[in-house]
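# Topology and contacts: notes
The lines below spell out each chain.
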Amino acid sequence: MAEKKETAFMEKIVALCKRRGFIFQSSEIYGGINGFWDYGPAGAELKRNVRDAWWNDVVRRRTDVVGIDGTIITHPRVWEASGHVTSFSDPMVDCKKCKGRWRADQLPETKCPEGGPHDYTEARQFNLMFESHAGPIKDDDNKVYLRPETAQVIFAQFQNVLSVSRQKIPFGIAQIGKAFRNEINPRNFTFRSREFEQMELEFFIKPGTDADWHKRWVEERLTWYETIGLPKEKLSIYEYKKEELAHYASACVDVMFAFPFGVQELEGIAARGNFDLSQHEKFSGKSMAYFDDETKEKYIPHVVEPSAGVDRICLALICAAYTEEEIAPGDVRIVMKFAPRIAPVKVAVFPLLRNKPPLIEKARQVFELLQPHFTTEWDDRGNIGKRYRYQDEQGTPWCVTIDFDTLGEKGPELLDTVTLRDRNTMKQDRIKIADLVPLISQRLRG
Ligand code: GAP
């Protein structure tokens, strides 16, 4: 019963994402492609706001983190050094009857369509890296991989960044970018995709300070999710037990979110020792050591790695924002209650009527006043009620309407005033045009 409710909720989310241009199935006109998703106009803005929030908070507002923007395809030795070529795989089984294919640890609960239970093969390891070839010859010498994580690009550039950035340990290198994993069973909408985006930080530290820095980053990252509007009660952490840790890791904590389909990972924060840098030193023959000018110590830094998925965060934000409100019997208002900081569009501007040139002209002036400051949308289609509903579903926190009062037709005291409607309360205030930018800026900060 509970499962049916969750499925119905996810169906509403998927339908809204399509209807309001958050997320579309990739290549939908050709029947779609499993595990790939496109972001529409609202989704692209939402995603950009998530990236910007992370980059501002993790890189720009700190003095101890710098950013890079590396390639998707690297020298294949990067992935040999990191261990991805030999061990980045999931166990896979086939059903001998229906030819279905699954991750061995995620078997379907349904019966075989050919009748009776599924008849599985032995599990075999399936490497998740997408392969391609660099250059015109398609042989093993030219084999390359689409990166399955952005992290290794950071490790491979550690010495270059250290030499140009004037940073000292402890310091971090951050990157946002696409990653690719040939997941056996992409599922739960965008949650497990084959092409997705990561926001990763490698925070390099002195050996022995791992536990302290790990704790600091777990606290920092958990709080960050609240700043972008995810409700505290839906966030939790999962602490790995000793036997669950990779052999080189001393600690790992996942930030979890209560999705409609279960409590699942948004971000992993791992204390990885010096495994990655040591491996690159071994495979490249180039030193990855750091020399401390003050203490005269030389060592390979350890690292704490907070690694988050942009698409999962967007999906969590969409699920958390979705609200249904019955405003009259049988009249349900759907409203996406995004934090204003993260909302795709901040303000929508409406002329009351589309066929009254003085209204249009005034509304255009207001639009042009707001547009340099906020993501602003112009809407003159349909009636005002329909425009509000559209903006509610897109999660726009404020709507500005220019009416005949604005033109001073009801008296000079209302000249150059507009209505400012709040998405959450639906309350409308009469505001002077000249006060709009400071007022919206203040509410956006608040
Ligand atoms: N460098 C460490 C690393 O890549 P991970 O736990 O495999 O760790 C980090 O990935 C984050 O990337 C996850 O917490 C998740 O948010 C995101 N992620 C991983 N695989 C994903 C997939 N198939 N689809 C969408 N997001 C994914």
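The structure reproduced in this document is the subject of the present report.

What counts and how
Per-chain numbering applies: the sequence of each chain, read as written, is numbered from 1 onward. Side-chain atom pairs in this predicted model are given and counted only at pLDDT of 80 or more, local residue features only at pLDDT of at least 70, and totals for whole chains, interfaces and linings cover all residues. Think of the side-chain values as coming from all heavy atoms in the structure, minus any hydrogens and water. Structural elements are reduced to axes, namely lines fitted to C-alpha atoms, with helices fitted over the stretch in contact, and the angle between N-to-C directions of any two is expressed from 0 to 180 degrees. For the purposes of this entry, the term helix denotes a DSSP run of H or I that reaches at least four residues, the term strand denotes a run of E that reaches at least two, and both are numbered from the N terminus. Any angle that falls under 35 degrees is termed roughly parallel, while one over 145 is termed roughly antiparallel, one within 65 to 115 roughly perpendicular, and all others oblique. Handedness of a crossing is defined here by the sense of rotation of the near helix relative to the far one, left-handed for an anticlockwise turn of less than a right angle and right-handed for a clockwise turn. Whether two residues are in contact is decided by their heavy atoms, any of which lying within 4.5 Å being enough. Gly falls in the polar group here, along with every residue not listed as nonpolar (Ala, Val, Leu, Ile, Met, Phe, Trp, Tyr, Cys, Pro) or charged (Asp, Glu, Lys, Arg). When at least one non-hydrogen atom of a residue lies within 4 Å of a molecule or strand, that residue is treated as near it. Here a polar contact is taken to be a pair of N or O atoms separated by no more than 3.5 Å, where protein atoms must pair a possible hydrogen donor with a possible acceptor and residues adjacent in sequence count only if both atoms sit in side chains. Working definition of accessibility: Shrake-Rupley area with a 1.4 Å probe, residue cover restricted to the visible protein chains. Of the grid points, spaced at 1 Å and generated over the protein atoms alone, those admitting a 1.4 Å probe that cannot get out make up cavities, while open sets with protein on both sides within 12 Å along at least five of seven lines make up pockets; any residue with an atom within 4 Å of a point is treated as lining. Assignment to a cavity or pocket requires that more than half of a molecule's atoms be within 2 Å of the site's grid points. Pairing between two strands is assigned when DSSP locates at least 2 bridges connecting them.

We now examine the packing of helix H2 (residues 41–60) against helix H9 (residues 310–321). Relative orientation of the contacting elements H2 and H9 amounts to 115°, with a least axis distance of 10 Å. When the axis of H2 is compared with that of H9, the two are roughly perpendicular. Once H2 is placed against H9, the crossing between them reads as right-handed. Listed contacts from H9 to Leu-46, Lys-47, Val-50 and Arg-51 of H2 are Val-310, Asp-311, Ile-313, Cys-314, Leu-317 and Ile-318. Here the contact of H2 with H9 is built from residues that sort into seven nonpolar, no polar and three charged.

Every one of the 19 residues lining the ligand counts as a neighbour, but Glu-149, Arg-181, Glu-200, Glu-265 and Leu-266 are closest to it. Here Glu-305 contributes a side-chain N or O atom positioned 3.2 Å from a nitrogen atom of the ligand. Alone, the ligand offers 560 Å² of accessible surface; in the complex the protein occludes 88% of this. With respect to the detected pockets, the ligand is housed in the largest pocket. Elements with a contribution of two residues or more to the shell around the ligand: strand S10 (195–205), strand S13 (262–273) and strand S16 (302–309). Class assignment of the residues belonging to the shell around the ligand gives a composition of five nonpolar, five polar and nine charged.

This paragraph deals with the sheet that holds strand S20 (residues 376–378). Within a sheet, neighbouring strands are paired by backbone hydrogen bonds and run either parallel or antiparallel to one another. Pairing is mixed across the open sheet formed by five strands, whose spatial order is S20-S19-S21-S22-S23. Edge strands, defined here as strands with exactly one partner in the open sheet, are S20 and strand S23 (428–432). Averaged over all pairs of adjacent strands, the angle between strand axes in this sheet comes to 25°, irrespective of strand direction. Here strand S21 (residues 398–402) pairs with strand S22 (residues 417–422) via four bridges, running antiparallel.

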